[in-house]
Amino acid sequence: MVASVEQDVIAWRRYLHEHPEISFQEVATAQFVYDLLSTFPNLTLTRPTKTSVIARLVGARPGKVLALRADMDALPIEEENDVPYRSKNPGAMHACGHDGHTAMLLGAAKILAQHQADIAGEIVFVFQHAEELLPGGAAELVEKGVLRGVDAVVGQHLWQPVPSQTIGLRAGALMAAPDTFYITIIGKGGHAAQPHFNVDPIAIGAQVVTNLQHVASRLTDPLEPFVLSVTKFVGGTADNVIPGSVEMCGTVRTFKDELRDEAAVWMERIIRGVTEAHGAAYQFVYEKGYRPVVNDEQVTAFVREVLEEAFGEDVVMPTVPTMGGEDFSAYQTVAPGTFFFTGIQNEEKGIIYPHHHPRFDIDEDALRVGVKAFVAIGLRFGDRD
């Protein structure tokens, strides 16, 4: 079945890669998906938002309802790949594989729509906008009731750390909660030759960065996954001027809600202590991102059974959690769900660059794996006990 759409899926992926649109701006992308789905039989289409598309397929027999999800947005990155399908939109690039996700779900929808007679229950194809930017498209679609009545939701991510032609799957915690923090250190600017007349926010800020590392190294359980990274430090305009303030931001990653709350308290305590010790002031904002992706045990067991039957046990491999985040977790708050990794790493083809890199690309042979996985799950789920 997959062979019948394989070349289409590659072509769709390349078209989407050439025409990337960043989060909440996927107008042309959504229209492309809608127009293409309109040519498939037996689908009912809706547009819950202007940049998302939902397709519903009612099977020939009663059964359970499954949602299959793909995200569609690109990143604000200038592409550096020299390929025929290079991005034509300056400053935007599919550097995370969402073009492949969309193409794979389109391919699965085309196949499953043609096999309505073999399907029990209903399949909801979710083409989601804005995975890369808070508050995220998934939460918006949940609010619109897209998953109302759904018995389970399944998604996949083309994943560079996993070898091509394999699938990484695990029950339980898979992806972390990605929180963001913003810090402003407010000192007193002046001439760099007279530091004793000033309150140097750069020197103080450097101590804040150093001391924040104690949250991970000394305040949290070393067996508990936790990451705190300061990723931006901005301040100053000239070599002989101490600025009045500096700004920092960064991310906290963890799997436990209580640890997210504790981290914010610990961070502010450190920031307050360092700044007060040096006569400075501060502003601190801790912004919670997506919830962690935690795969349901029963749905994961079903997906593992289906995928091992479709591909063999040597293809479906156990995978490890990642501190990356995903708004697929929003769907898991209203329906049990499983998210798995479809490998794209292929050194022989030069597919070696990580997600969000300007030279990120995928092994397009992985697309047929993703399509086959969606189709196999879709054909079986409706009859699940």
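Residues numbered from 1 in each chain as written. Predicted model: local features only at pLDDT ≥ 70, side-chain atom pairs only at ≥ 80, totals over all residues. Heavy atoms only, no water.

Caption draft 1: Main features of the packing of aromatic side chains. Following the criterion strictly, the structure yields eight aromatic pairs and no others. Look at Phe284 and Tyr286: their rings are 6.5 Å apart centre to centre, the planes differ by 55°, and that puts the pair in the tilted class. Just as Phe284 is buried, Tyr286 falls in that class too. Arranged with centres 6.5 Å apart and planes meeting at 80°, the rings of Phe339 and Phe341 form a pair that is edge-to-face. (Phe/Tyr/Trp six-rings, centres within 6.5 Å; stacked < 30°, edge-to-face > 60°. Buried < 20%, exposed > 50% of the residue type's maximum accessible area, 1.4 Å probe, protein only.)

Caption draft 2: Region of interest: the side chain of Asp179. Within the element layout of this structure, Asp179 appears in strand S8 (residues 177-186). The class for Asp179 is buried, based on a relative accessible area of 0%. A distance of 2.6 Å separates polar atoms of two side chains, one belonging to Asp179 and the other to Arg260. (Helix = DSSP H or I, 4+ residues; strand = E, 2+ residues; numbered from the N terminus. Polar contact = N/O pair within 3.5 Å; in protein donor to acceptor, adjacent residues only side chain to side chain.)

Caption draft 3: Here's a closer look at the packing of helix H3 (residues 98-114) against helix H8 (residues 366-381). For the pair H3 and H8, the least separation of the axes is 8 Å and the interaxial angle reads 45°. Judged by the angle between their axes, H3 and H8 are oblique. Crossing hand, H3 versus H8: right-handed. Between H3 and H8, the contacting residues are Gly100, Met104, Leu105, Gly107, Ala108, Ile111 and Leu112 on the first element and Ala366, Leu367, Gly370, Val371, Phe374, Val375, Gly378 and Leu379 on the second. (Axes fitted to C-alpha atoms, helices over the stretch in contact; angles between N-to-C directions. Parallel < 35°, antiparallel > 145°, perpendicular 65-115°, else oblique. Left-handed = near helix turned anticlockwise from the far one by under 90°. Contact = heavy atoms within 4.5 Å.)

Caption draft 4: Layout of the sheet that holds strand S13 (residues 281-287). Within the open sheet, the four strands sit side by side as S10-S12-S8-S13. Their pairing is antiparallel. Looking at which strands have only one partner, the edges of the open sheet turn out to be strand S10 (226-234) and S13. Neighbour-to-neighbour, the strand axes of this sheet turn through a mean angle of 20°, independent of strand direction. Two strands pair when backbone bridges link them, and S8 and strand S12 (residues 245-254) are joined in this way by ten bridges, in the antiparallel orientation. Of the residues in S12, the one forming a bridge with Pro178 is Arg253. Along the sheet face, helix H5 (residues 201-219) touches S8, S10 and S12 and points at about 170° away from the line of S10. Helix-sheet contacts for helix H6 (residues 257-277) involve S8, S10, S12 and S13, and the interaxial angle to S13 is about 170°. (Pairing = 2+ DSSP bridges.)

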